[in-house]
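Observations on chain architecture
Below are the chains, spelled out letter by letter.
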Amino acid sequence: VQLQASGGGLVQAGGSLRLSCAASGGTFSSYDMGWFRQAPGKDREFVAAISRSGGRRYYADSVKGRFTISRDNAKNTVFLQMDRLRPEDTALYYCARFRYSGSYYYPNIYGMDYWGKGTLVTVSS
């Protein structure tokens, strides 16, 4: 399984970015997917998760109401629409696959079995 994240960049505070994560190998539609981020000097933290069908979505409190996770199972891709960005959203953003179905209720890095390389999001003030 390979996950390839893209879409990061430099944006001003209040702006928007859309991240994409394309999956290859495995059966994409059988797995819940998530986004995590890691800011310089900080631990990797959960951002958002989506169930395998796309019917359930979960967000960290820090991004709730500003970020939207979605997926297109026909294209083996998961997205993260980020609106009203803040400087504190600056981080490397990673997409990852949940090891077990339904484990997005307790998202953490140890529950993920495959990770993409990060895509850098920089939000200027």
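Data block above holds the structure.
First, a word on what this report is: a plain description of the structure on this page. Values in this document were obtained by computation on a predicted structure and should not be read as measured data.

1. Topic: the overall build of the chain
Secondary structure summary: the chain contains zero helices and eleven strands in total. Ordered by position in the sequence, the α and β elements of the chain form the string β-β-β-β-β-β-β-β-β-β-β. For the chain, whose C-alpha radius of gyration is 13 Å, the value lies close to the compact-globule estimate of 14 Å for 125 residues. Across its three principal axes, the chain shows a C-alpha extent of roughly 40 × 25 × 25 Å. For the chain, the proportion of contacts with a sequence separation of at least 24, taken over those separated by at least 6, is 56%.

2. Focus on the packing of aromatic side chains
Counted according to the given criterion, the structure contains seven aromatic pairs. With 5.7 Å between their ring centres and 75° between their planes, Phe36 and Phe46 make a pair best called edge-to-face. Placement of the pair is Phe36 in strand β4 (residues 33–38) and Phe46 in strand β5 (residues 45–50), with a sequence separation of ten residues. Exposure class is identical for Phe36 and Phe46. Each is buried. Grouped by ring-pair contacts, the aromatic residues Phe36, Phe46, Tyr94 and Trp115 constitute a single cluster. One Lys or Arg, Arg44, reaches over the ring of Tyr94 and ends 3.7 Å from the middle of that ring. The ring of Phe28 carries Arg71 above its face, with NZ or CZ at 4.4 Å from the centroid.

3. Quick look at the pairing of strand β8 (residues 77–82)
Taken across its six residues, β8 has five buried, putting it largely inside the fold. Where strand β3 (residues 17–24) lies against β8, six bridges are found, and the strand directions are antiparallel. If you follow Leu19 over to β8, its bridge partner there is Leu80. Sheet topology note: the strand β7 (residues 67–72)/β8 ladder contains six bridges and is antiparallel. When the bridges of β8 are listed, Ile69 appears paired with Leu80. In this structure, the hairpin formed by β7 and β8 is closed by a connection of four residues, where Asn76 is found at a positive phi of approximately 50°.

4. So, the state of the cysteines
Taken as a whole, this structure holds one disulfide when the rule is applied. Covalent S-S linkage joins Cys21 and Cys95, the inter-sulfur distance amounting to 2.0 Å. Disulfide Cys21 to Cys95: torsion about the S-S bond roughly 60°, handedness right-handed. Of this pair, Cys21 sits in strand β3 while Cys95 sits in strand β9 (residues 91–98), and the two are 74 residues apart along the sequence. Each member of the pair, Cys21 as well as Cys95, carries the same accessibility label: buried.

5. Points about the environment of Ala23
Residue placement: Ala23 occurs in strand β3. Along the primary structure Ala23 and Trp115 are separated by 92 residues, whereas in three dimensions their C-alpha atoms are 10 Å apart.

Analysis parameters
- Numbering of residues starts from 1 in each chain and follows the order in which that chain's sequence is written.
- For this predicted model, a pLDDT threshold of at least 70 governs which residues receive local features, and a threshold of 80 or more governs which side-chain atom pairs are given and counted, while totals over whole chains, interfaces and linings are taken from all residues.
- Here the side-chain values reflect all heavy atoms present in the structure, with hydrogen atoms and water set aside.
- Counting from the N terminus, the helices are DSSP H or I runs at least four residues long and the strands are E runs at least two residues long.
- For this measure, only C-alpha atoms enter the radius of gyration; the expected value for a globule follows 2.2 Å times N^0.38, where N is the number of residues.
- Whether two residues touch is decided by their heavy atoms; if any such pair falls within 4.5 Å, the residues are in contact.
- In this analysis, rings of Phe, Tyr and Trp, with Trp reduced to its six-membered ring, are considered paired at centre separations within 6.5 Å, and the interplanar angle assigns stacked below 30 degrees, edge-to-face beyond 60, and tilted for intermediate values.
- Summary of the burial criterion: residues with accessible area below 20% of their type's maximum are buried, those above 50% are exposed, and those between are partly exposed, where the area comes from a 1.4 Å probe applied to protein chains only.
- Distance and angle both matter: a charge sits over a ring if NZ of Lys or CZ of Arg is within 6 Å of the ring centre and within 35 degrees of the ring normal.
- By the convention used here, strands pair only if DSSP detects at least 2 bridges between them.
- Throughout, a disulfide means two cysteine sulfur atoms within 2.5 Å of one another.

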